[in-house]
Amino acid sequence: MTSSFPASTVLGYPRIGPDRELKRALESYWEGRSSRADLEETARRLREDTWRRLAALGLEGLPSNTFSYYDQVLDTAVLLGAVPGRYRHDDDLATYFAMARGAEGIAPLRMTKWFDTNYHYIVPEIGPDTVFSLDAAKPLAEVREARALGLETRPVLVGPVTFLLLSQATPDSPDGFAPLDRLDDVVEVYARLLAELAAEGVGWVQLDEPALVADRTAADPAAVEAAYGRLGRLENRPSLLVASYFGDLGDALPVLAGTPVEAVGLDLVRGTAHGVDALAGKTVVAGVVSGRDVWRADRDRALATLRAVRERAGRVVVSTSCSLLHVPYDVERETGLDPALRRRLAFAEQKVAEVVELAALLAATPGRHLPEHFAAQERPHTSRVRTAEGRAPYAVRAAAQAEHLKLPLLPVTTIGSFPQTGELRRARAALAAGEIGEAAYESMVRAEIEQVIALQERLGLDVLVHGEPERNDMVQYFAEHLDGFAVTRHGWVQSYGSRCTRPPILHGDVRRPEPITVRWARYAQSLTSKPVKGMLTGPVTIVAWSFVRDDLPLREVVFQVADAVREEVGDLEEAGIRVIQVDEPALRELVPLRRAEQAAYLEWAVAAYRWATSGASENTQIHTHLCYSDADEILAAIDALDADVTSIESARSRGRLLGAVGAFPRGLGPGVYDIHSPRVPGADEVERLLTEALRTVPTERLWVNPDCGLKTRSYEQVEAALANVVEAAARLRERYA
Ligand code: GLN
Ligand code: ZN
């Protein structure tokens, strides 16, 4: 329990592989094309490569147990034996993947966003009767594996408080039960784990407690005290680092400081060193290199922060602000990027090098002076928030649009994308590789649009879409067509399980050099007399799913993107497009973790959306789409977007949503077809869902649509499902006519 913490570390590292090796290995294993041994060998090699690379870069404190076959929260559930009975198989890996992905008619555990990142974790189920038991195999195996390479590591685990706060109660739990009620039992399992790790000769263990930076229930400070008081007082244990990240610890800092843990990790990029004096006598693992962006650290600023923390607390260790899971591997591979931009960028490898360099600089400057800018500084900025003139009131617009669009009652539409065929994706790759010309690709896209329009006419939809065949991704596509963005070739970041995204890099002022979507929308409209909906991604979502420049306030950047979207809206209108949808599925994602900051965010986010859409005439119907099921939490903000029609995913919490939307004063389409599942809903089922919705939504305001885009489904499923949706709407129309 006495070894001091190494001078430099990172809280975690990417694990999907520089070439997404883990993705490929997982998918091939799931499809039965490779063996468990193949999968394990790929995983072992990835871990070995990571440890060797970190050591070669000069990092002293190497983390282990940061690898995962799917998700670290799911790993923790397995570690604690919290496996719901319905998922149990003889084969442990089958059990594991059943929880993550479902099996034989059993739905997987819920998945949701990891704080305000684009990573998604599996939500464990904990009930009053959950029997906890320690399964330490994974962290122990990783410690031994690294040791066999001659490397000592620090196992990283999700901490007990965060684990329980992120869990949900089992469906049969009594009212009032919360997983955190089981804290004492869970802490006992951690205690046994720490004893096993100590017996293995492990010097330090990292327990991640990011839940402490979000607003907590009143029980939480007590939970922190109980958990870390108990673990800290154990006789036989490694030294403990409790890592917070994604913001300030706030009230949890003094609580943690009062427990016998040896080290506390602070996010000094998003948070401040406020209150750090309380940590005198402990080691502060100072997160000065951001794990959330792709920019090189400001060295002087980071050093000043490190020195200041050293003055006030005990020992200081240089670290990343959070795990590097959220950034790509290596910017040196991005040879296609403008060299001037590349020099400004740091991916995981470069960030490790920065941590190492800062540790050396800190060691070389033992001075005892306090720099002035101790706390994180508000950057000065000129506010250029544009306020929309505002369109005519909804009632006026609704009347104008009824006249102009002549839509039937309960209009049927879709969210935008139609299935992306392998043929299309291959053609796009061939175009990028220069194997086919622009003209050949374009004629393929046009042929696809023709089919999608014909299909919708045949099925009898009311507001058609062109199907988005030209888009690889709803954000990347716009990034590729706007100035100020760069796209990478290898910059993959894990989103969940084997799924990765390649966020664009927003590095400069955003400008739209020319119309982006207009010719496709115009072409689609030329094929039909029904209105075709123009499809745009909203400014908040474009920014939320990109790596964003940090030299301007976020809202300033969002307004720049809103300018571009506004221009596109204008051009679509001019091209004769009468319905325009501006998607904002990420509106909720940027909501700050602290309640006190949420209202200000929602205000500017809504203002940006309105700026993007308010140039439209009252005849033009503006739609928006939001993906998530817990939209009821921000219903007031959704209302304030002032879109004429809002479609919302509702498969997963329909009752709650409908309960909340009673007073929603505009068009509303709560999804009636869960596109996340291959299941085709029957017409009776859709009719029932619509009937239910009509109890809260007035007939003239209810829209009929799937939950989300159809991109990931097959044409077979989509045709069958949409036929049933149209049929259900027709039956109801007859009833209400
Ligand atoms: N228009 C997009 C689509 O249909 C919306 C996707 C989304 O909400 N994530 O694919
Ligand atoms: Zn969606």
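Quantities reported herein were computed from a predicted structural model and do not represent experimental measurements. (Residues numbered from 1 in each chain as written. Chains lettered and ligands numbered in written order. Predicted model: local features only at pLDDT ≥ 70, side-chain atom pairs only at ≥ 80, totals over all residues. Heavy atoms only, no water.)

Per the secondary structure count, the protein chain includes 24 helices and 21 strands. A compact globule built from 737 residues should have a C-alpha radius of gyration of about 27 Å, and the protein chain, at 27 Å, falls within 12% of that. Referenced to the eigenvectors of the C-alpha coordinate spread, the extents of the protein chain come out at roughly 75 × 55 × 50 Å. Looking at the protein chain as a whole, 59% of its 737 residues qualify as buried. (Helix = DSSP H or I, 4+ residues; strand = E, 2+ residues; numbered from the N terminus. Rg over C-alpha atoms; globule rule 2.2 N^0.38 Å. Buried < 20%, exposed > 50% of the residue type's maximum accessible area, 1.4 Å probe, protein only.)

Tallied over the entire structure, the rule returns 14 aromatic pairs. Residues Phe67 and Tyr69 carry aromatic rings whose centres are separated by 5.3 Å and whose planes lie at 85° to one another, so their mutual orientation is edge-to-face. Classification of Phe67 as buried rests on a relative accessible area of 4%. Summarising the aromatic geometry, the rings of Tyr477 and Phe478 are spaced 5.7 Å apart at their centres and angled 85° between planes, so their arrangement reads as edge-to-face. No difference in accessibility class separates Tyr477 from Phe478, as the two residues are buried. Above the ring of Phe246, the side-chain terminus of Arg292 is found at 4.9 Å from the ring centroid. The residue whose ring lies beneath Arg446 is Tyr523, and the NZ or CZ to ring-centre distance is 5.7 Å. (Phe/Tyr/Trp six-rings, centres within 6.5 Å; stacked < 30°, edge-to-face > 60°. Lys NZ or Arg CZ within 6 Å of the ring centre and 35° of its normal.)

Turning our eyes to something else, we now look at the sheet that holds strand β19 (residues 621–626). One open sheet accounts for five strands, arranged β16-β18-β19-β20-β21; its pairing is parallel. At either end of the open sheet lies a strand with only one pairing partner, and these are β16 (533–537) and β21 (667–670). Put simply, the sheet's adjacent strands are angled 20° from each other on average, direction ignored. Where strand β18 (residues 579–583) meets β19, three bridges bridge the pair, whose relative direction is parallel. (Pairing = 2+ DSSP bridges. Axes fitted to C-alpha atoms, helices over the stretch in contact; angles between N-to-C directions.)

A separate point is the sheet that holds strand β1 (residues 62–64). What the seven strands build is an open sheet, ordered β1-β5-β7-β8-β9-β10-β11; its pairing is parallel. Each of the sheet's edge strands pairs with one partner strand only, and the pair in question is β1 and β11 (316–320). Shown here is a sheet whose adjacent strand axes are inclined to one another by a mean of 30°, direction ignored. Strand direction decides the pairing type here: strand β5 (residues 153–158) and strand β7 (residues 204–208), joined by three bridges, are parallel. Bridged to Leu157 within β7 is Leu207.

Our next topic: the packing of helix α15 (residues 438–459) against helix α24 (residues 715–736). Two elements in contact, α15 and α24, have axes whose closest approach is 10 Å; the angle formed by their N-to-C orientations is 35°. Crossing angle aside, the handedness with which α15 passes α24 is right-handed. Here α15 contributes Glu448, Val452, Leu455, Arg458 and Leu459 to the contact with α24, which in turn contributes Tyr715, Glu719, Leu722, Ala723 and Val726. Of the residues belonging to the contact of α15 with α24, the class tally is seven nonpolar, no polar and three charged. (Left-handed = near helix turned anticlockwise from the far one by under 90°. Contact = heavy atoms within 4.5 Å. Nonpolar A, V, L, I, M, F, W, Y, C, P; charged D, E, K, R; others polar.)

Time to look at the coordination of the zinc ion (ligand 2). Taken together, the protein ligands of the zinc ion (ligand 2) are His625 (NE2), Cys627 (SG) and Cys708 (SG), with distances of 2.0 to 2.2 Å. Geometry at the zinc ion (ligand 2) is irregular, judged from its four donor atoms and the angles of 81 to 123° they form at the metal. Sequence spacing of the donor residues for the zinc ion (ligand 2), all on one chain, is H-x1-C-x80-C. (Donors = N, O, S within 2.8 Å, 3.2 Å for Na, K, Ca; no water. Tetrahedral: all angles 85-135°; square planar, octahedral: opposite > 155°, others 65-115°.)

To continue, consider the site of ligand 1. What surrounds ligand 1 is the set Ile415, Gly416, Ser417, Glu468, Met474, Met535, Asp583, Pro585, His625, Cys627, Cys708 and Gly709. Ile415 places a polar main-chain atom, nitrogen or oxygen, 3.1 Å from a nitrogen atom of ligand 1. Glu468 is positioned with one of its side-chain polar atoms (N or O) 2.9 Å from a nitrogen atom of ligand 1. Surface burial for ligand 1 is 91%, taken as the share of its 300 Å² of free accessible area covered by protein chains. Looking at the shell around ligand 1 residue by residue, the class counts come to six nonpolar, four polar and two charged. (Near = heavy atom within 4 Å. Polar contact = N/O pair within 3.5 Å; in protein donor to acceptor, adjacent residues only side chain to side chain. Areas by Shrake-Rupley, 256 points an atom, 1.4 Å probe, with all protein chains shown as cover.)

With that settled, consider the side chain of Glu568. Assignment of secondary structure puts Glu568 in helix α19 (residues 554–574). Side chain to side chain, Glu568 and Arg512 meet in a polar contact 2.7 Å long. For Glu568, the residues in contact, after removing those within four places along its chain, are Arg512, Pro515, Ile516, Thr517, Val518 and Leu536.

Its location among the elements puts Ser290 in the loop between β10 (283–289) and α10 (299–312). Among the residues examined, Ser290 registers a relative accessible area of 9% and is labelled buried. At a separation of 3.0 Å, a polar atom in the side chain of Ser290 contacts the main-chain amide nitrogen of Arg292.

Okay, helix α14 (residues 422–432) next. Residues separated by three or four positions in an α-helix point in the same direction, a consequence of the helix having 3.6 residues per turn. The complete set of buried residues in α14 reads Leu424, Ala427, Arg428 and Ala430. Down the axis of α14, the smallest arc covering the buried residues is 160°, so these residues share one side. More than 90 degrees from the buried face of α14, the exposed residues found are Arg426 and Ala432. Those residues of α14 that are buried lie in contact with α15. Looking one or two places after α14, you find Gly434, whose phi comes out positive at around 75°. (Arc of directions from axis to C-beta.)

Here we take up the pattern of salt bridges. Where charged atoms of side chains with opposite charge meet at close range, the side chains can pair. In the structure shown here, the tally under the stated rule is 47 salt bridges. Between Glu188 and Arg230 there is a salt bridge, with its nearest N and O atoms 2.6 Å apart. A residue pair is termed long-range when its members are at least 10 positions apart, and Glu188 in helix α7 (residues 183–199) and Arg230 in helix α8 (residues 219–232) qualify at 42 residues. Overall, Glu188 belongs to the partly exposed group, its relative accessible area being 30%. The exposure class of Arg230 is partly exposed, given its relative accessible area of 33%. (Salt bridge = Lys/Arg side-chain N within 4 Å of Asp/Glu carboxyl O.)

The next thing to look at is the pairing of strand β20 (residues 645–648). Neither face of β20 is open: one carries Val645 and Ser647, the other Thr646 and Ile648, and all of them are buried. Where β20 lies against β21, four bridges are found, and the strand directions are parallel. Bridge assignment links Val645 to a residue of β21, and that residue is Gly667.

For the rest of this paragraph, the subject is helix α2 (residues 36–56). Its 21 residues place the ends of α2 30 Å apart at the C-alpha level, agreeing with the 30 Å of an ideal helix rising 1.5 Å per residue. The complete set of buried residues in α2 reads Leu39, Thr42, Ala43, Leu46, Arg47, Glu48, Thr50, Trp51 and Leu54. On the buried face of α2, the contacting elements are α1 (21–30), β1, α4 (92–101), α5 (137–148), β5 and α12 (348–364). One or two residues past the end of α2 sits Gly58, with phi positive at roughly 95°. (Expected span 1.5 Å × (residues − 1).)

So, about the nonpolar core. Judged by nonpolar contacts, the single largest core of 137 residues is most densely connected at Tyr69, Tyr228 and Leu231. Top contributing element to this core by residue count: α7, with nine residues. Each residue touching Tyr69, except ones within four places of it in the same chain, is listed here: Leu22, Leu26, Leu39, Glu40, Ala43, Leu93, Tyr96 and Phe97. Core analysis: the second largest hydrophobic core is formed by 97 residues, Leu536, Tyr628, Leu690 and Val697 among them. (Core = buried A, V, L, I, M, F, W, Y, C linked by side-chain atoms within 4.5 Å.)

For the rest of this paragraph, the subject is the pairing of β16. Across a regular strand the side chains alternate sides, sitting on one face of the sheet and then on the other. The buried fraction of β16 is high, at five of five residues. Here β16 shows two buried faces, one formed by Lys533, Met535 and Thr537 and the other by Gly534 and Leu536. Where β16 lies against β18, five bridges are found, and the strand directions are parallel. Bridge pairing links Leu536 to Val582 in β18.

Structural measurements only, silent on function.
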